[in-house]
Amino acid sequence: ACIDDGGRQVRYGLANTSAKINAHFKSSDLIGITPVEHAGRIFGVFTAVEVKEPGWKGPRSDRENAQNNFLKTVRAMGGIGMFAQSKGDVFR
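Residues numbered from 1 in each chain as written. Predicted model: local features only at pLDDT ≥ 70, side-chain atom pairs only at ≥ 80, totals over all residues. Heavy atoms only, no water.

**Q** I'm lost on the overall build of the chain in this one. Help?
**A** Scanning the chain from N- to C-terminus turns up three helices and five strands. Secondary structure elements of the chain occur, N-terminal to C-terminal, as β-β-α-β-β-α-β-α. Computed over the C-alpha atoms, the radius of gyration of the chain is 16 Å, more than 25% above the 12 Å expected from 2.2 N^0.38 for a compact globule of 92 residues. Across its three principal directions, the C-alpha atoms of the chain cover 50 × 35 × 20 Å. Within the chain, the fraction of its 92 residues that count as buried is 26%. If you sum the accessible surface of the chain, you get close to 6600 Å²; carbon and sulfur atoms cover 56% of it. Here the chain carries 13 positive and 9 negative side-chain charges, and the mean point of each set is 5 Å from the other. (Helix = DSSP H or I, 4+ residues; strand = E, 2+ residues; numbered from the N terminus. Rg over C-alpha atoms; globule rule 2.2 N^0.38 Å. Buried < 20%, exposed > 50% of the residue type's maximum accessible area, 1.4 Å probe, protein only. Areas by Shrake-Rupley, 256 points an atom, 1.4 Å probe, with all protein chains shown as cover. Lys, Arg positive; Asp, Glu negative; His and termini not counted. Charge placed at Lys NZ, Arg CZ, Asp CG, Glu CD.)

**Q** Sorry if this is basic, but what is going on with the side chain of asparagine 22 here?
**A** As for its position among the elements, asparagine 22 is in helix α1 (residues 19–22). Residue asparagine 22 is classed as buried on the basis of its relative accessible area of 15%. In this structure the side chain of asparagine 22 is engaged in a polar contact, spanning 3.2 Å, whose partner is the side chain of asparagine 16. Within the structure, the side chain of asparagine 22 is placed 2.4 Å from the side chain of lysine 26, a separation counted as a polar contact. Those residues within four positions of asparagine 22 in sequence are excluded, and the remaining contacts are Arg11, Ala15, Asn16 and Ala66. (Polar contact = N/O pair within 3.5 Å; in protein donor to acceptor, adjacent residues only side chain to side chain. Contact = heavy atoms within 4.5 Å.)

**Q** How should I be thinking about the nonpolar core in this particular structure?
**A** Soluble, globular proteins show a tendency: their nonpolar side chains are buried together. By size, the foremost hydrophobic cluster in this structure holds five residues: Ala48, Phe70, Leu71, Val74 and Phe83. Beyond its immediate sequence surroundings of up to four residues, phenylalanine 70 is in contact with Leu14, Phe25, Lys26, Ser27, Ser28, Ile31, Phe46 and Ala48. (Core = buried A, V, L, I, M, F, W, Y, C linked by side-chain atoms within 4.5 Å.)

**Q** Can you walk me through the environment of aspartate 29 in this structure?
**A** Residue position: aspartate 29 is located in the loop between α1 and β3 (30–38). Taking relative accessible area as the criterion, aspartate 29 reaches 47% and is therefore assigned partly exposed. As for aspartate 29 and glutamine 85, which are separated by 56 residues in sequence, their C-alpha atoms are 12 Å apart. A distance of 3.0 Å separates the side chain of aspartate 29 from the backbone nitrogen of valine 51, its partner in a polar contact.

Listed below in structure tokens is the structure:
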């Protein structure tokens, strides 16, 4: 978030409508649509990837737990949501 020239706070990113929400639900670094073929048709599936450094061991901080909450919601609604430490984690 930042303050614009008129003194208003401007929030950026998906699901970042307030500091309270953002503390528990934080969108991923990479957002996109993955083409998936099913029954001879191509569908676009919402995709969220949170990028972490190699060796990262899983959500431990409040921020990482908020990121995980976003990814769990994406998966629960049929999307692709993951933490990734390399291209290999994403492109299998």
